[in-house]
Amino acid sequence: MSEFRTELKQVRGLGSAHEGTHHWWMQRITAVALVPLSIWFVFFLEAIRGVDYLAVRYAIGQPMTAALMLAYVCAVLHHAYLGVQVVIEDYVHERVAEVGLLIATRLLFVLAALTATVSILRLVFLAADPQ
Amino acid sequence: MATHPRPLSPHLQIYKPQLTTVLSILHRVTGVALCAAALGLVWGLLSLALGRDEFEHFRACANSLPGKLLTAIFVFCLVYHLLNGIRHLGWDTGWGLDLKRAYATGWLLVALAPALTALSLWWIW
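What counts, and where the lines are drawn
- Residues numbered from 1 in each chain as written.
- Chains lettered and ligands numbered in written order.
- Predicted model: local features only at pLDDT ≥ 70, side-chain atom pairs only at ≥ 80, totals over all residues.
- Heavy atoms only, no water.
- Axes fitted to C-alpha atoms, helices over the stretch in contact; angles between N-to-C directions.
- Helix = DSSP H or I, 4+ residues; strand = E, 2+ residues; numbered from the N terminus.
- Parallel < 35°, antiparallel > 145°, perpendicular 65-115°, else oblique.
- Contact = heavy atoms within 4.5 Å.
- Nonpolar A, V, L, I, M, F, W, Y, C, P; charged D, E, K, R; others polar.
- Salt bridge = Lys/Arg side-chain N within 4 Å of Asp/Glu carboxyl O.
- Buried < 20%, exposed > 50% of the residue type's maximum accessible area, 1.4 Å probe, protein only.
- Patch = residues over 30% accessible without salt bridge, like charges linked within 9 Å, V, L, I, M, F, W, Y side chains within 5 Å.
- Areas by Shrake-Rupley, 256 points an atom, 1.4 Å probe, with all protein chains shown as cover.
- Buried area = accessible area lost by both parts, 1.4 Å probe.
- Polar contact = N/O pair within 3.5 Å; in protein donor to acceptor, adjacent residues only side chain to side chain.

1. Details of the packing of helix 2 (residues 52-63) of chain B against helix 3 (residues 65-92) of chain B
Residues and elements named next belong to chain B.
And then number 1: The geometry of helix 2 relative to helix 3 is characterised by a closest axis approach of 4 Å and an angle of 75 degrees between their N-to-C directions. As the angle between them shows, helix 2 and helix 3 are arranged roughly perpendicular. Residues Cys-61, Ala-62 and Asn-63 of helix 2 pack against Leu-65, Gly-67, Lys-68 and Thr-71 of helix 3.
And then number 2: Along the lines of polarity and charge, the residues of the contact of helix 2 with helix 3 split into three nonpolar, three polar and one charged.

2. Some details on the pattern of salt bridges
And then number 1: Under the counting rule described, the total for this entry stands at seven salt bridges over all chains.
And then number 2: Between Arg49(A) and Glu46(A) there is a salt bridge whose closest N-O contact spans 3.7 Å.
And then number 3: Take Glu46(A): its relative accessible area is 24%, and that puts it in the partly exposed class.
And then number 4: Measuring nitrogen to oxygen at the nearest pair gives 3.2 Å for the salt bridge that ties Asp52(A) to Arg52(B). Of this pair, Asp52(A) sits in the loop between helix 2 (22-47) and helix 3 (53-61) while Arg52(B) sits in helix 2, each in a different chain.
And then number 5: What makes Asp52(A) partly exposed here is its relative accessible area of 39%.

3. Examining a nonpolar patch on the surface
And then number 1: A surface patch of nonpolar side chains, about 510 Å² in accessible area, is lined by Leu108(B), Leu112(B), Leu116(B), Leu119(B) and Trp122(B).
And then number 2: Positionally, Leu112(B) belongs in helix 4 (residues 99-124).

4. Quick word on the interface of chain A and chain B
For interface size, the figure often reported is the accessible area lost on association.
And then number 1: Each side of the interface is counted separately: chain A has 44 residues, and chain B has 29 residues.
And then number 2: Across the chain A to chain B interface the summed buried area is about 2900 Å²; carbon plus sulfur atoms make up 74%.
And then number 3: Between Arg28(B) and Asp90(A) there is a salt bridge, and its shortest N-O distance comes to 2.7 Å.
And then number 4: Linking chain A with chain B are nine residue pairs in polar contact (both at pLDDT 80 or more).
And then number 5: Only helix 2, helix 3, helix 4 (63-91) and helix 5 (95-128) of chain A provide two or more residues apiece to the side of chain A that touches chain B.

Written out as structure tokens, the structure is:
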């Protein structure tokens, strides 16, 4: 197949969405992170099964557990948004509804990530300084 | 603008469902369901930060019959999406795209997903 466009022309503008492979690549990065993190999360659920409130709070408040939980929640929410974005783009054909849904879901997932982050940090500080 | 009526590709319901197509759309369905599960996880973490009463309320909801049913569905979605996600990562490297391997890993997924779901639920409950 003959190709008359130069390599510079092909890479300029980063395609029709103007972001190149960024979306695809972030989806893969978060997916790879979520394989071990999801397995860890199920193990964690087993560890806190039937445990008292203070013990669960203390467990998540430990630095390493808190870091893993933060990584898990943030990777989950990032990966979830990237996926839902594609689902909306594929199935919502009314432009106004599509853009509205994209904005609404993005704000919802960002708010959820911030809520989870603040909550986990609170557990860390509570665990460091028990009353 | 072309005004000639052009032939349309057959509608989706014309096609015979195949293992590969069914597993593919299930990946999307479980992914969307897992968005709700993710928000449930955030709710649980928030309840822990808010205090004992809020957390016990969350735990009571999760341990109620609808809560357990939802948990079971979410765990299945997680196991399925995780296993099929590994398939996808294999395809990204170029591995497993041929019919033989696509079907072999597909049937492996069909066997493993319910088994690992049952194992996980038995374990965390």
